[in-house]
Amino acid sequence: MAGYKKKRARELKHDKFRDTTMSIFDRLGDRLEGRGRTILYGIVALIALAIIVGLLSTWRARKAGEAEQALGRAIEIASANVSATPAPGATGPNFASENERAQRAVEEFQKVADKYGDPYRARARYFIATNLLTLDRQKGISQLDELTKNGDDEVATLAKFALAQAKEADAKYDEAAAIYSELAKQNGAVVTQDVANFRLASVYEKQGKKKEAADIFFNIANNARNAKDKDNKPVPLSSVAREAAQELQKLDPDRFAKLPPEASPTDLLS
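What counts, and at which threshold
Residues numbered from 1 in each chain as written. Predicted model: local features only at pLDDT ≥ 70, side-chain atom pairs only at ≥ 80, totals over all residues. Heavy atoms only, no water. Helix = DSSP H or I, 4+ residues; strand = E, 2+ residues; numbered from the N terminus. Buried < 20%, exposed > 50% of the residue type's maximum accessible area, 1.4 Å probe, protein only. Contact = heavy atoms within 4.5 Å. Phe/Tyr/Trp six-rings, centres within 6.5 Å; stacked < 30°, edge-to-face > 60°. Lys NZ or Arg CZ within 6 Å of the ring centre and 35° of its normal. Core = buried A, V, L, I, M, F, W, Y, C linked by side-chain atoms within 4.5 Å. Salt bridge = Lys/Arg side-chain N within 4 Å of Asp/Glu carboxyl O. Axes fitted to C-alpha atoms, helices over the stretch in contact; angles between N-to-C directions. Parallel < 35°, antiparallel > 145°, perpendicular 65-115°, else oblique. Left-handed = near helix turned anticlockwise from the far one by under 90°. Nonpolar A, V, L, I, M, F, W, Y, C, P; charged D, E, K, R; others polar. Polar contact = N/O pair within 3.5 Å; in protein donor to acceptor, adjacent residues only side chain to side chain. Expected span 1.5 Å × (residues − 1). Arc of directions from axis to C-beta.

A.B. asks: Even after reading the chapter, I still don't get the overall build of the chain, so can you show me in this structure?
C.D. replies: Within the chain, the regular secondary structure consists of 12 helices and two strands. Scanning the chain from its N terminus toward the C terminus, one meets helices and strands in the order α-α-β-β-α-α-α-α-α-α-α-α-α-α. The buried share among the 270 residues of the chain stands at 31%. Expressed as a percentage of contacts within the chain between residues at least 6 apart in sequence, the contacts between residues at least 24 apart total 47%.

Following this line, the structure appears as structure tokens:
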């Protein structure tokens, strides 16, 4: 008997919910009677559309999470330790050679590129190209060159920088300098003007253009040491600015002596 009462209570509760819901639509239908039921159907369609959009957003978020995890795993492999004899207790993947690591990384990034859309596909293709520089250098350079035209500005910029580094490593200094100069003019967030100019100065130094290199190193270090924040306080030096000063000191000690002094820790904290 008690079970029957509970079942009946649930039925009555369900009926109340149904009746309440239907009465809302009935009242709404009565109000719209003179204008036809098309508007009512439109409202129902909008509700259905909102549900579909919500489900689609949830699905996209889940797929994005999967893509990020897959890309993260591939990056972990690409940056894994290379050692014929891994250290005792070492965690994470280890490879016996650079070629073995690069090959495995290419395979993992290719899985991401095949399964997911942009921006993950474009980023995976960038990592594939950089790892191919170890396995098939010309193929890697060709793919990097193609990626410099990618619609994803971040990927295109990274590809340009990696391409310039490859050209520099291959002693194709004029080509490398042209790309670094272009990146310096862009002054992007991924590859800043100082980073691009530092590499440009390094290329000039390799070409024997010591004055041009010293000028760039001086400008990077000088601008950084003179920089102030919105409260007119010294800005902490970046690693690039510090390295530029060190390179200038080796290349042209007299020019280095003309740099303003670095801000002291007290000046930075005050």
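A.B. asks: Help me out: how do you make sense of the packing of aromatic side chains in this one?
C.D. replies: Each aromatic ring pair is specified by the distance between its two centres and by the angle formed by the two planes. Under the defined criterion, the tally for this structure stands at four aromatic pairs. Ring centres of Phe109 and Phe127 lie 4.8 Å apart, and the angle between their planes is 10 degrees; on these two criteria the pair is classed as stacked. Linking Phe109 in helix α3 (residues 98–115) with Phe127 in helix α4 (residues 120–135), this pair joins segments that are 18 residues apart in sequence. Consider the rings of Phe161 and Tyr180, whose centres lie 6.0 Å apart with planes at 65 degrees: the pair is edge-to-face. Of the two residues, Phe161 is situated in helix α6 (residues 153–169) and Tyr180 in helix α7 (residues 173–186); the sequence distance between them amounts to 19 residues. We note Arg255 situated over the ring of Phe218; from NZ or CZ to the ring centre the distance is 4.4 Å.

A.B. asks: Would you mind going over the nonpolar core with me for this structure?
C.D. replies: Note on soluble globular proteins: their nonpolar side chains tend to be buried together. In terms of nonpolar packing, the biggest core is built from 40 residues, with Tyr126, Leu144, Tyr180 and Phe217 touching the most fellow members. Contributions of two or more residues to this core are made by α4, α5 (137–147), α6, α7, α8 (193–206), α9 (210–226) and α10 (239–251). Excluding its chain neighbours within four sequence positions, the residues that come into contact with Phe217 are Phe198, Ala201, Ser202, Glu205, Ala244, Glu247, Leu248 and Leu251. Grouped together as the second largest cluster of nonpolar side chains are 18 residues, Leu71, Ala105, Ala113 and Ile128 included.

A.B. asks: Looking at this structure, how should I read the environment of Pro119?
C.D. replies: The topology assignment puts Pro119 in the loop between α3 and α4. What makes Pro119 partly exposed here is its relative accessible area of 29%. In this structure, the C-alpha to C-alpha distance between Pro119 and Gly151, residues 32 residues apart in sequence, is 9.7 Å.

A.B. asks: What is the right way to look at the pattern of salt bridges in this model?
C.D. replies: Applying the stated criterion across every chain, the model contains 15 salt bridges. Among the salt bridges present, the one from Lys167 reaches Glu175, with a minimum N-O distance of 2.9 Å. Among the ionic pairs, Lys211 bridges to Asp215, the shortest N-O distance being 3.0 Å. You can see Lys211 and its partner Asp215 sitting in helix α9, four residues apart, about one turn around the helix. The class of Asp215 is partly exposed, set by a relative accessible area of 23%. What emerges from the salt-bridge pattern is a single network uniting Arg104, Glu108 and Lys111.

A.B. asks: When you look at the packing of α6 against α7 in this model, what are you seeing that I'm missing?
C.D. replies: It is the contact of α6 with α7, at a shortest axis distance of 8 Å, that shows an interaxial angle of 150 degrees. The angle between the axes of α6 and α7 places the two elements in the roughly antiparallel class. Every pair of crossing elements has a handedness; the one defined by α6 and α7 is left-handed. Counting all contacts with α6, which are made through Thr157, Lys160, Phe161, Leu163, Ala164, Gln165, Lys167 and Glu168, the residues of α7 involved are Tyr173, Glu175, Ala176, Ile179, Tyr180, Glu182, Leu183 and Gln186. Along the lines of polarity and charge, the residues of the contact of α6 with α7 split into eight nonpolar, three polar and five charged.

A.B. asks: Would you take a moment to explain the side chain of Arg225 for this structure?
C.D. replies: Tracing the backbone through its elements, the reader meets Arg225 in helix α9. Judged by its relative accessible area of 15%, Arg225 falls in the buried class. Residues contacting Arg225, with those up to four places away along its chain left out, are Leu237, Ala245, Phe256, Leu259, Pro260, Pro261 and Glu262.

A.B. asks: Help me out: how do you make sense of the side chain of Lys160 in this one?
C.D. replies: Tracing the backbone shows Lys160 in helix α6. Under the relative-accessibility criterion, Lys160 is labelled buried at 14%. In this structure the side chain of Lys160 is engaged in a polar contact, spanning 2.8 Å, whose partner is the side chain of Glu182. Look past the residues within four positions of Lys160 in its chain and what remains in contact with it is Thr148, Ile179, Glu182, Leu183 and Gln186.

A.B. asks: I'm lost on α7 in this one. Help?
C.D. replies: A turn of α-helix holds 3.6 residues, and therefore any two residues three or four places apart point the same way. The terminal C-alpha atoms of α7, which comprises 14 residues, lie 20 Å apart, in line with the 20 Å expected from a rise of 1.5 Å per residue. Residues of α7 that are buried include every one of Ala176, Ala177, Ile179, Tyr180, Leu183 and Ala184, and no others. The buried side chains of α7 occupy one side of the element, clustering within an arc of 165 degrees when seen end-on. Facing away from the buried side of α7 by more than 90 degrees, the exposed set consists of Asp174 and Lys185. Those residues of α7 hidden inside the fold are in contact with α6 and α8. At the exit of α7 stands Asn187, carrying a positive phi of roughly 50 degrees.

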